[in-house]
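Each chain, letter by letter, is given below.
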Amino acid sequence: MRILFLVYHGFSEYSGISKKIHYQVKGLRENGHDVRLCYYGFAENGHRCRYIDDIVIKDYGTGKIAGIRQRFGYNCVYDYCIREKIELVYARCFQNANPWLICFFKKLRKTGIHSVTEIPTYPYDEEFKNFEWKMRAELIIDQIFRRKLYAQMDALVTFSNAVEIFGQRTIRISNGVDFDSIPLHQPSASPHSSELHLIGVAEVHEWHGFDRVIAGIGEYNKMLKQGKTDVSIPVYFHVVGDVHPHLMNTVFKPLMDNYGLQKQIIFHGALFGDELTNVFNSCQFAIGSLGRHRSGITAIKTLKNREYATRGIPFIYSEQDSDFDMRPYVLKAPADESPINICQIIDFIASNRIAPAEIRSTVEHLSWKIQMQTVLNEITSTKK
């Protein structure tokens, strides 16, 4: 099948989203499909351009006018689809529904070209409540037009349990993993060493709930001082990924100051490759999302849970995830605002000695090759 994978933004070397998209394209190609990647970005001369596989198909120029033109200019993509006999457009939601996109997908549909849009997180409206006014305004536009937009498609791809989103049927899959890119966890310290090191990897937002871990370490330290716990090992939390200054200044720093945790919470910033692996190998336990309830989400199949399992490191999260809820290497936290129980993590690690390779073996069916082919099977077997 000839597929155009449509992305409404560019890519970053450090971005987990960017890596995920490239792995999805790889998965489709591993199944024998002809896949072209269409995205938007800046050329070396500063011009705003639309690309397909690194070839410019439209140069919008520079300045604000060029920025506006790229939001409305999809004729170049449509012409490419017709010229190259594209059979399916797989788009990734950017909360950017508008009349021009509706027109683009309506034209595709009339020519017999199938289309789906992947909605990475659903529901997503609550995630915008603390964003800057411009992004909240863009969400309002999206809310006005999204039902009309998705009515032009064959289905929506979701990692949630929703059978219908915005009036359109869904294809439900799991977030996948690329096994070639994720090395197996090789802990440098014994699980029973004299220190516990936790790791949380994310482009950190409030719905990740990392503040619950910080508060949990603070409460654990208080228990140590009061002699209220049988365990007495120092605990450190390694945060890997960028943290928005507002979240850092209004949530994380006040908590750290209140509990005196400046030396126990380590912010590494964005890491990848060997630097990321080295931090992983210094840790014994990973932190998934602990605040999805803040965005009104109950069930979701996050990419991070799958990446942790692929590395072979045990982890904790608070949402519902049917791929992991009953796994012996997973600790479930309550979906509320309570501090994470550090003693529970220490006891869990002590009583669960599962080898990294054994954890990794449980997610072999979650490769992007398998997950993406599931989408195509649904499209080809079901007529709208």
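The structure contained in this document is the topic of the report that follows. Fair warning: this is a prediction, and the values are worked out from it, not measured in the lab.

Some points on the nonpolar core
Formed by 37 residues in total, the largest nonpolar core has its most connected members in Leu-4, Val-89, Phe-104 and Phe-105. Elements represented by at least two residues in this core include exactly β1 (2–6), α3 (75–83), β5 (88–92), α4 (99–110) and α5 (133–150). Phe-210, Val-235, Ile-342 and Ile-346 belong to the second largest nonpolar core, which has 34 residues in total.

Some details on the packing of α4 against α5
In a packed pair of helices, the relevant descriptors are the angle between the two axes and the axis-to-axis distance. Across the interface, α4 lies against α5 with an axial gap of 9 Å and an inter-helix angle of 0°. The pairing of α4 with α5 is recorded here as roughly parallel in orientation. Only Phe-145, Lys-148 and Leu-149 of α5 make contact with α4, whose side of the interface consists of Pro-99, Leu-101, Ile-102 and Phe-105. Its residues assigned to classes, the contact of α4 with α5 comprises six nonpolar, no polar and one charged.

Details of helix α6 (residues 210–226)
Look at α6: 25 Å from first C-alpha to last across 17 residues, which is about the 24 Å you get at 1.5 Å a residue. Contacts made by the buried residues of α6 are with β10 (196–201), β11 (235–240), α7 (245–259), β12 (265–269), β13 (285–287) and α10 (342–351). Of the residues flanking the end of α6, it is Gly-227, one or two places downstream, whose phi is positive at about 65°.

Concerning the sheet that holds β1
One open sheet holds the nine strands; their spatial order is β4-β3-β2-β1-β5-β6-β7-β9-β8, and the pairing between them is mixed. The open sheet has two free edges, formed respectively by β4 (55–61) and β8 (164–165), since each of these has just one partner strand. Bridge count between strand β6 (residues 114–119) and strand β7 (residues 155–158): four bridges; the pairing is parallel. Within β7, the residue paired with Val-116 across the bridge is Ala-155. The strands that helix α1 (residues 16–30) touches are β1, β2 (34–42), β5 and β6; relative to β2, the one it contacts most, it runs at about 160°. The strands that α3 touches are β1, β2, β3 (48–52), β4 and β5; relative to β4, the one it contacts most, it runs at about 160°.

As for the sheet that holds β11
Taken in spatial order, the six strands make up an open sheet running β12-β11-β10-β13-β14-β15, and their pairing is parallel. Single-partner strands in this sheet number two, and they are β12 and β15 (330–332). Averaged over all pairs of adjacent strands, the angle between strand axes in this sheet comes to 25°, irrespective of strand direction. Of the pairings in the sheet, the one linking strand β14 (residues 315–317) to β15 comprises three bridges and is parallel in character. When the sheet's bridge partners are listed, Phe-315 is paired in β15 with Val-330. Where helix α8 (residues 274–281) meets the sheet, its contacts fall on β10, β11 and β12, and the angle it forms with β10 comes to roughly 140°.

So, how was this worked out
- Residues numbered from 1 in each chain as written.
- Predicted model: local features only at pLDDT ≥ 70, side-chain atom pairs only at ≥ 80, totals over all residues.
- Heavy atoms only, no water.
- Core = buried A, V, L, I, M, F, W, Y, C linked by side-chain atoms within 4.5 Å.
- Buried < 20%, exposed > 50% of the residue type's maximum accessible area, 1.4 Å probe, protein only.
- Helix = DSSP H or I, 4+ residues; strand = E, 2+ residues; numbered from the N terminus.
- Axes fitted to C-alpha atoms, helices over the stretch in contact; angles between N-to-C directions.
- Parallel < 35°, antiparallel > 145°, perpendicular 65-115°, else oblique.
- Contact = heavy atoms within 4.5 Å.
- Nonpolar A, V, L, I, M, F, W, Y, C, P; charged D, E, K, R; others polar.
- Expected span 1.5 Å × (residues − 1).
- Pairing = 2+ DSSP bridges.

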